[in-house]
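Chains, contacts and geometry: an overview
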Amino acid sequence: MGFQKDFLWGAASAAHQVEGAYLEDGKGLGIWDYFESQPGHIACGENANTACDHYHRYKEDVALMKKIGLKSYRFSISWPRVLPEGTGTVNEKGLKFYSDLVDELLAAGIEPLVTLYHWNLPMALYEKGGWKNPESPKWFEEYTKVVAGCLGGRVKYWMTFNEYQMFAGLGLSVGAMAPFETNDLKTMLEVSANIFRAHGKAVSVLRNCIEQQVMIGMAPTGNVWLPESGDIEAVEKARAKSFAVSEEMFLFGNAWWGDPVYLGHYPEGAAEVFGDLLPELSDEEWKEISQPLDFYGFNAYEGTIEYPIREDRYNTYAYQGSPRTSMGWSVTPEVLYYAPKFLYERYHKPILVTENGMAGMDWVALDGKVHDSHRIDFLNRYLLELERAVDDGVPVIGYQTWSIMDNFEWCHGYNMRFGLIYIDYQTQKRTLKDSAYWYSEVIATNGEKIHENY
Ligand code: IFM
């Protein structure tokens, strides 16, 4: 069977990780901008002030995307670039950047896929409590109106939030990402409810303000457990764990974020786990939160596995000597079989893989090329598993590799290279890696290329 005819082969990025142009043309301060300026948060004290300078080089970058043959490009809008204070006055120059980028993509025959929120909350809103403030859904609604008003009609595919698990879980509960807070359980439940409301309001705006047909989803991640074998019992055990809710792990799972939006209620077990702390949402709010979406976006890097581990040395997802990427993440291609399968069977929406890729030790070789054969093998293995899901009847509408180019990897700074395009941060020279040429052939053959060596 293989990938559908109009499959959205693409690559992804996020505003803060690639744009640079710090406070340029009226951009406001975001929480990442701020925390990068404080010592101790980012490896080597780095920041995203210049990053890939994509803000100035977007034409060159779109030309490279065209050369690779991308059918789609997933990027995010920087809220503080568009609304420097988070609400109120619109920064027309900032908004124009996205308008120009969309025009450039469309002229190159590349479908733009827009993410509204990829983590860089305006500092002015953070100072008012950020997602803890009950006004936050309204702020997000206002921001969405501005973006939809400008890009609506030209952008068909929209995602509200990228990885709740990370910006809420790691950012506001574990304290490992901006704004580096460790809030208590009650607060995190209220934060979640505000984010659900914000999602619902944004969907209403996109549906009501844009006349043309829109395709709306979100781009969560979440632990997907891999079964130890293909036996029904093992698969069901993995599925149950992938949607489980516990006090320690709920923010990192799939059901906590997926069930309210796609099923219109808190996940099974939430009432028992959280009791009276579970925020009450009115019928009207539930209706807005769970209005029908068009796809389920999913960012997949590694499956969660339970193998013998040495707790003093390996993380929970790795076993002794297991293949891992530079991030330490397990090479577990089966996640691109089980995640689409589990998510489709639970939510009954077409799947869009919104991120998948790896960080590797890439450099420009003596011949001037970047020989990232590890990335080719990684993508090949993962795509074979994705195709297996398709062949088993899971509707998958697209695949976005992370990332189009090396970029600012949050607390890791520039240490981690995820791109198809190598960035020399000293000169801003772009070099297509071997994986970009390989991916180009994958796209041109609508996936046939992944079978070449089999
Ligand atoms: O770089 C990030 C991205 O911003 C969100 N998903 C995971 C990527 C790799 O860590």
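It should be noted that the structure appears before, not after, this text.
We now turn to the structure provided with this report. (Residues numbered from 1 in each chain as written. Predicted model: local features only at pLDDT ≥ 70, side-chain atom pairs only at ≥ 80, totals over all residues. Heavy atoms only, no water.)

**Comments concerning the pattern of salt bridges**
Threshold: Note on definitions: salt bridges are taken to be side-chain nitrogens of Lys or Arg within 4 Å of carboxyl oxygens of Asp or Glu. Secondary structure counts use DSSP, requiring at least four H or I residues in a row for a helix and at least two E residues in a row for a strand, with both numbered from the N terminus. For each residue, the accessible area found with a 1.4 Å probe, counting protein chains only, is set against the maximum for its type, and the residue is called buried under 20%, exposed over 50%, and partly exposed in between.
Summed over the entire model, instances satisfying the criterion amount to 25 salt bridges. With a closest N to O distance of 2.6 Å, Asp-406 and Arg-417 form a salt bridge. You can see Asp-406 sitting in the loop between strand S8 (396-402) and strand S9 (421-424) and its partner Arg-417 sitting in the loop between S8 and S9, a full eleven residues away along the chain. Asp-406 is the partner of Lys-433 in a salt bridge, and the nearest nitrogen-oxygen pair spans 2.7 Å. Taken together, the residues Lys-433 in the loop between strand S10 (429-432) and helix H16 (434-444) and Asp-406 in the loop between S8 and S9 connect sequence positions 27 residues apart. Each member of the pair, Lys-433 as well as Asp-406, carries the same accessibility label: buried. Sharing partners across several salt bridges, the network here consists of Asp-362, Asp-372, Arg-375, Asp-406, Arg-417 and Lys-433.

**Section: the packing of aromatic side chains**
We count it as follows: Aromatic rings from Phe, Tyr and Trp, with only the six-membered ring used for Trp, were paired whenever their centres fell within 6.5 Å, and each pair was classed as stacked if the ring planes differed by under 30 degrees, edge-to-face if by over 60, and tilted otherwise. Here, over-ring charges are defined by two tests on the NZ atom of lysine or the CZ atom of arginine: distance to the ring centre within 6 Å, and angle to the ring normal within 35 degrees.
In the structure shown here, the tally under the stated rule is 53 aromatic pairs. Relative to Phe-7, the ring of Phe-3 has its centre 4.8 Å away and its plane inclined at 45°; by these criteria the two rings are tilted. A relative accessible area of 2% places Phe-7 in the buried class. Cation over ring: Lys-241 sits above Trp-225, and NZ or CZ is 4.2 Å from the ring centre.

**Let's talk about helix H7 (residues 136-151)**
Let me state the cut-off plainly: Working rule for helices: expected span equals 1.5 Å times residues minus one. Two residues qualify as a contact provided that any one of their heavy atoms is within 4.5 Å of a heavy atom in the partner residue.
For H7, built from 16 residues, the straight-helix expectation of 22 Å at 1.5 Å per residue is met to within 8% by its first-to-last C-alpha distance of 22 Å. Buried residues of H7: Ser-136, Pro-137, Trp-139, Phe-140, Tyr-143, Thr-144, Val-146, Val-147, Ala-148 and Leu-151, and no others. Against helix H4 (79-82), helix H5 (92-107), strand S3 (111-117), helix H6 (123-126), strand S4 (157-162) and helix H9 (185-209) lie the buried residues of H7. Looking one or two places after H7, you find Gly-153, whose phi comes out positive at around 95°.

**Quick word on the sheet that holds strand S6 (residues 296-299)**
Where we set the bar: Strand pairing is assigned whenever DSSP identifies at least 2 bridges connecting the two strands. Note on geometry: axes are lines fitted to C-alpha atoms, helical ones only across the stretch in contact, with angles between N-to-C directions running from 0 to 180 degrees.
Pairing is parallel across the open sheet formed by eight strands, whose spatial order is S5-S4-S3-S2-S1-S8-S7-S6. Both edges of this open sheet fall to strand S5 (215-219) and S6, since each of them pairs with a single strand only. Across the sheet, the mean angle from the axis of one strand to that of its neighbour is 25°, orientation sign disregarded. Both strand S1 (residues 8-12) and S8 contribute to a ladder of five bridges, which runs parallel. When the bridges of S8 are listed, Gly-10 appears paired with Gln-400. Along the sheet, H5 makes contact with strand S2 (72-76) and S3, crossing S2 at roughly 170°. Most of the contacts of helix H11 (residues 255-263) go to S5, to which it runs at about 160°, and overall it touches S5 and S6.

**A short note on the environment of Asp-424**
Among the secondary structure elements, Asp-424 is positioned in strand S9. Each C-alpha atom, one on Asp-424 and one on Asp-406, is 9.0 Å from the other, the two residues being 18 residues apart in sequence.

**Things to note about the pairing of S10**
Here four bridges tie S9 to S10, and the two strands are oriented antiparallel to one another. When the sheet's bridge partners are listed, Ile-423 is paired in S10 with Arg-430. The hairpin formed by S9 and S10 contains four residues between the paired strands, and Gln-428 there has a positive phi angle of roughly 65°.

**Observations regarding the site of the ligand**
Stated precisely, the cut-off is as follows: Being near a molecule or strand, for a residue, comes down to having at least one heavy atom within 4 Å of it. Pairing of N or O atoms within 3.5 Å defines a polar contact, subject to two protein rules: one partner must be a possible hydrogen donor and the other a possible acceptor, and residues neighboring in sequence count only if both atoms are side-chain atoms. Computed with the Shrake-Rupley method and a 1.4 Å probe, the accessible areas treat only the protein chains shown as cover for residues. For cavity detection a 1 Å grid was placed over the protein atoms alone, and a set of points counts as a cavity when a 1.4 Å probe fits there but cannot get out; an open set counts as a pocket when protein lies on both sides within 12 Å along at least five of seven lines, with lining residues being those that have an atom within 4 Å of a point. In this scheme, a molecule is assigned to a cavity or pocket if more than half of its atoms are within 2 Å of the grid points.
The ligand sits among Gln-17, His-118, Trp-119, Asn-162, Glu-163, Tyr-301, Trp-329, Glu-355, Trp-402, Glu-409, Trp-410 and Phe-418. The side chain of Gln-17 places a nitrogen or oxygen atom 2.7 Å from an oxygen atom of the ligand. Between His-118 and the ligand, the recorded distance is 2.8 Å, taken from a side-chain N or O atom to an oxygen atom. Bound to the protein, the ligand loses 96% of the 280 Å² it would expose on its own. Most atoms of the ligand, that is more than half of them, are within 2 Å of grid points of the largest pocket.

**Some words on unusual backbone geometry**
Glycine aside, negative phi is the norm for most residues, and most peptide bonds take the trans geometry. A cis amide bond links Ala-178 with the next residue in sequence, Pro-179, at an omega value of 10°. For Pro-179, the location among the structural elements is in the loop between helix H8 (164-174) and H9. Phi is positive for Gln-428, which is not a glycine, with a value near 65°. The topology assignment puts Gln-428 in the loop between S9 and S10. Its identity as a non-glycine residue notwithstanding, Asn-446 has a phi of 45°, on the positive side.

By themselves, these figures tell us nothing about what the structure is for.
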